[in-house]
Amino acid sequence: METLNQLIHYVAQNGDYIWEQFYRHFLMTFYGVLFASIISIPLGILIAKYGKLSSWVLAIGSITQTIPALGAMAVIMILLGLGTNTAIVTLIIYSILPITQNTYVGMKDVDKTVVEAGYASGMTRFQLLRMVELPLAISVIMAGIRTAFVIGIGIAAIGAFVGAGGLGAIILTGTNATDGTAIILAGAIPTALMAIIVDLFLGWVERKLQPIKSSKSKAA
Amino acid sequence: MLEFKNVTKRYDGKTAVKNLNLNIKKGEFVCFIGPSGCGKTTTMKMVNRLIGISGGDILVEGKNIKEQDAVELRRSIGYVIQQIGLMPHMTIKENIVLVGTLLKWSKEKKDQRARELLKLVDLPEEYLNKYPHELSGGQQQRIGVLRALAANPPLILMDEPFGALDPITRDSLQDEFKKLQKELGKTIVFVTHDMDEALKLGDRIVIMKDGEVVQADTPDEILRNPANEFVEEFLGKDRLIQGRPDVTTVEQIMENKPITVPVGTTLRDAISIMRDKHVDSLLVVDSANVLKGFIDIESINLNHKKAKVVDEIMEEGIYTVSHHSLLRDTIHKILRRGAKYAPVVDDNQRLVGIVTRATLANLVYDTIWGDGTELEELTQAAE
C-alpha cells in the first residue's frame, strides 16, 4: 500500500516528465524500427530472390540476436559516444533480423503459380513485385515489424545507460534512489503498457493487411 | 500463325527439344501430348519466352518472337495454367482484366470487358466482386480462361488447364471451351498428358517423345495410322479398339463360313442342314458361290407342299454389304433395317462371309472390355 501511494504521488508530481520520457522512448523505438525496415525489407526481398545469400544473411542476423543488448550498446557507444543515436543504432541492429526473416518468409510463401501467371500475363519484374508479391507478403512482413517493435521497446529501456533518456531513465533513477520501488514502477509500467498497446495496434494492422479478403467483409 | 523453325532447347548439356518444325494455322486447336519430360511444356513456354530458345526461330503471325519485347509479347498471348494461378488478393474483375491493367486501359473499358467476358461463361455478374477463393475449382479455371482472353489475343497457350479438375467439371469445361474457341476463332496451343482430352479437343495432335515430334496429325489419322509402336502404346490398346469401328472394314470382323446351300438343294435336305447347324435360315448360292437369295424356316413351312427345291421358294434381292465397306456404316444400316444379319459379298457378288447381330455384339464387348486376348492369355496361363 505504501508503494502504491508513493507511486501515485510520484506520478502526480512528475506526470509531464513521465509523459515526455514515454514519448521519447516511443520515438526512439519507432525510428529504430523504421530505419531497420528501410534496410531489412529490400534485404529480405533480395535474399528471397537470390536463394544462395539467404542462409548467410539469416545466420548473421541470428548471431547478432544472441549478443546481449547491453553489451552491444556498450560497444556501439565506444564508436558513437553517449546519446540517443547509440540507442537507435542498437535498435536497428536488433530489428533487422525479425524484419528480414519475415520478409524472406513472406516472399517465399507467395504461390509460385501466381507469380508464373503474373509473369506470363506480361508483368515486368517491378510490376510483379508491386502488384503481386508485396501485397501477398505484406501481412507477414508486418508481423516481423510488430515483433521488432515490441523487442525494441524493451531494448530502448536499456538506452538510459548510454544517456538516451526514455522510460529507462526513470527506472534507472529508481534503482539509484533509496526505496525507489515506486519510481521503478513509474518507469516500468508505462514501458509494459506501451509494448502491449503497440502489439495490439500492429496486430490489428497486420490483420487489415491480410491479402486474401472475402467479398462480404468488403461490402460490410 | 505460329511457326516453329528448327527450334531447339538445351539445358546444360541435355537437349529438351530437338529441331522442332511445325506450322500452326490460324484458328487451329493443337494439342501437344507425350510422357513427362518429352519437351511439350518447354515447347509451349518458348512461345511466350517464359523459356529462352537455344536455337531456331519461333514466328508468331510472321514476326520472330526474338525481335519483340518479351513483356509486350506476353501481353499479346493468352496463357492458362493447370494451377489456375488467380491473384488471391484481387477480385474476379481485377483478375479477368489483369492484362488490361498492365496495358493501362481506362476503368470503363476494364469494367465493360470484364462483364462481356463473364457472360461468355455464363457466370452471374455478382461474381465480379468476389475473390477467387470463394469460387469452386471449375469456376476459378473459367476465370483463368477469361483472363487469357481479356486482351483478345489471337493465340492462347494452355498448360494442362483442366488437369486439376474433377472428371465431371473437366468434361463440361472441355465442351464449353471447345465451343468458345470455335466461336472466337482463337489459335490454341494446348499441352496435356490426357489422350482422351487431346482426341476430344484437338484439331491436330502433336505427339512428342524425347524432345522430338513423333507424329503430328488429326485425331482420326492418328487412330487410323499410328506412326510407330510408341504412338500405338501411347494411345493404348483400348483406344485403338474404340477407334476401330471408324476404320475397320466389314471383312475384318465378318464370319468367314456362312451356312449355305447350293441352288437345286431339296427342301428336305435344307431342313436337315438347318437342324444340324442350328440355324433358321440359309443362304442360297450357285456353283460359283454367287449369292442368289435366302430361305428361312417360315417360308419352308408355308411352301413345303408345293415346292421341292430351294430355288422355288427362296427370296431374292437380299440386302448385302460389300466386304470392304466400313464397319461404321454397316452397323448403322443393319440396325436401321432391323436385319438379323447381312451377307458379305465381294465385287463379283460372290458370298465371302456374313455379319450377324452376334458379331456386332461381340465387337461391342471387345470395345468395352478389351479384345479378349488378355482373358485368353489368363486362361491359358491358368491351364
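Treat the numbers as computed from the prediction; the structure is a model and nothing was measured. (Residues numbered from 1 in each chain as written. Chains lettered and ligands numbered in written order. Predicted model: local features only at pLDDT ≥ 70, side-chain atom pairs only at ≥ 80, totals over all residues. Heavy atoms only, no water.)

1. Brief notes about the UniProt feature "transmembrane region" (unreviewed entry) in chain A
Residues and elements named next belong to chain A. In this numbering, the UniProt entry assigns the feature "transmembrane region" (unreviewed entry) to residues 26-48, 69-97, 148-171 and 183-205. End C-alpha to end C-alpha, residues 26-48 measures 31 Å, and it is 100% helix and 0% strand. Here residues 183-205 runs as 100% helix and 0% strand, with 33 Å between its end C-alpha atoms. (UniProt positions renumbered as here; feature names shortened; annotations may be inferred. Helix = DSSP H or I, 4+ residues; strand = E, 2+ residues; numbered from the N terminus.)

2. Comments concerning the sheet that holds strand β5 (residues 63-64) of chain B
Residue and element names in this part refer to chain B. Reading across from one edge, β2-β1-β4-β5 is the order of the four strands in this open sheet, with antiparallel pairing throughout. Edge positions in the sheet fall to β2 (14-24) and β5, since each has one partner strand and no second. Looking at chain direction, strand β1 (residues 2-11) and β2 are connected through seven bridges and run antiparallel. Each bridged residue has a counterpart across the sheet, and for Glu3 the counterpart in β2 is Asn23. Lying over the sheet, helix α1 (residues 40-47) contacts β1, β2 and β4 (55-60), oriented at roughly 115 degrees with respect to β1. (Pairing = 2+ DSSP bridges. Contact = heavy atoms within 4.5 Å. Axes fitted to C-alpha atoms, helices over the stretch in contact; angles between N-to-C directions.)

3. A few points about the UniProt feature "domain: CBS" (unreviewed entry) in chain B
The UniProt record annotates "domain: CBS" (unreviewed entry) at residues 254-312 and 314-375 of chain B. Helix makes up 36% of residues 254-312 of chain B and strand 24%, whereas the separation of the span's terminal C-alpha atoms amounts to 29 Å.

4. With respect to the packing of helix α3 (residues 69-80) of chain A against helix α4 (residues 84-109) of chain A
Relative orientation and spacing of two packed helices are given, respectively, by the angle between their axes and the distance between those axes. Residues and elements named next belong to chain A. Running from N to C, α3 and α4 cross one another at 130 degrees; their axes reach a closest spacing of 9 Å. One finds that α3 runs oblique with respect to α4. For α3 against α4, the interelement crossing comes out right-handed. Counted together, Ala69, Ala72, Met73, Ile76, Met77 and Leu80 of α3 and Asn85, Thr86, Ala87, Val89, Thr90, Ile93 and Tyr94 of α4 form the full contact between these two elements. For the contact of α3 with α4, a count of residues per class yields 10 nonpolar, three polar and no charged. (Parallel < 35°, antiparallel > 145°, perpendicular 65-115°, else oblique. Left-handed = near helix turned anticlockwise from the far one by under 90°. Nonpolar A, V, L, I, M, F, W, Y, C, P; charged D, E, K, R; others polar.)

5. Examining empty space enclosed by the protein
Residues and elements named next belong to chain B. Under the counting rule described, the total for this entry stands at one cavity of 30 Å³ or more. In this structure, the largest cavity occupies an estimated 90 Å³ of space. Lining the largest cavity are 14 residues, with Ile77, Gly78, Val99, Arg147 and Ala148 sitting closest to its centre. Considered class by class, the residues forming the lining of the largest cavity number nine nonpolar, two polar and three charged. (1 Å grid on protein atoms, 1.4 Å probe; cavity = no way out; pocket = protein on both sides within 12 Å on 5 of 7 lines; lining within 4 Å. Points joined across faces, edges and corners; volume = space filled by probe spheres on them.)

6. Quick notes on the packing of aromatic side chains
Using the criterion set out here, one finds 13 aromatic pairs over all chains in the structure. Look at A:Tyr31 and A:Phe35: their rings are 6.1 Å apart centre to centre, the planes differ by 20 degrees, and that puts the pair in the stacked class. Placement of the pair is A:Tyr31 and A:Phe35 together in helix α1 (residues 2-49), with a separation of four residues, close to one helical turn. Each ring, one from B:Phe29 and one from B:Phe190, has its centre 5.5 Å from the other, and the planes form 40 degrees; the classification is tilted. Here B:Phe29, found in strand β3 (residues 29-33), pairs with B:Phe190, found in strand β8 (residues 187-192); they are 161 residues apart in sequence, far enough to count as distant. Each member of the pair, B:Phe29 as well as B:Phe190, carries the same accessibility label: buried. Of the aromatic side chains, those joined through ring pairs into one cluster are A:Phe26, A:Phe30, A:Tyr31, A:Phe35 and A:Phe149. The cationic tip of B:Lys109 hangs over the ring face of B:Trp105; the distance from NZ or CZ to the ring centre is 4.3 Å. One residue, B:Lys130, lies across the ring of B:Tyr127, its end atom 5.4 Å from the ring centre. (Phe/Tyr/Trp six-rings, centres within 6.5 Å; stacked < 30°, edge-to-face > 60°. Buried < 20%, exposed > 50% of the residue type's maximum accessible area, 1.4 Å probe, protein only. Lys NZ or Arg CZ within 6 Å of the ring centre and 35° of its normal.)

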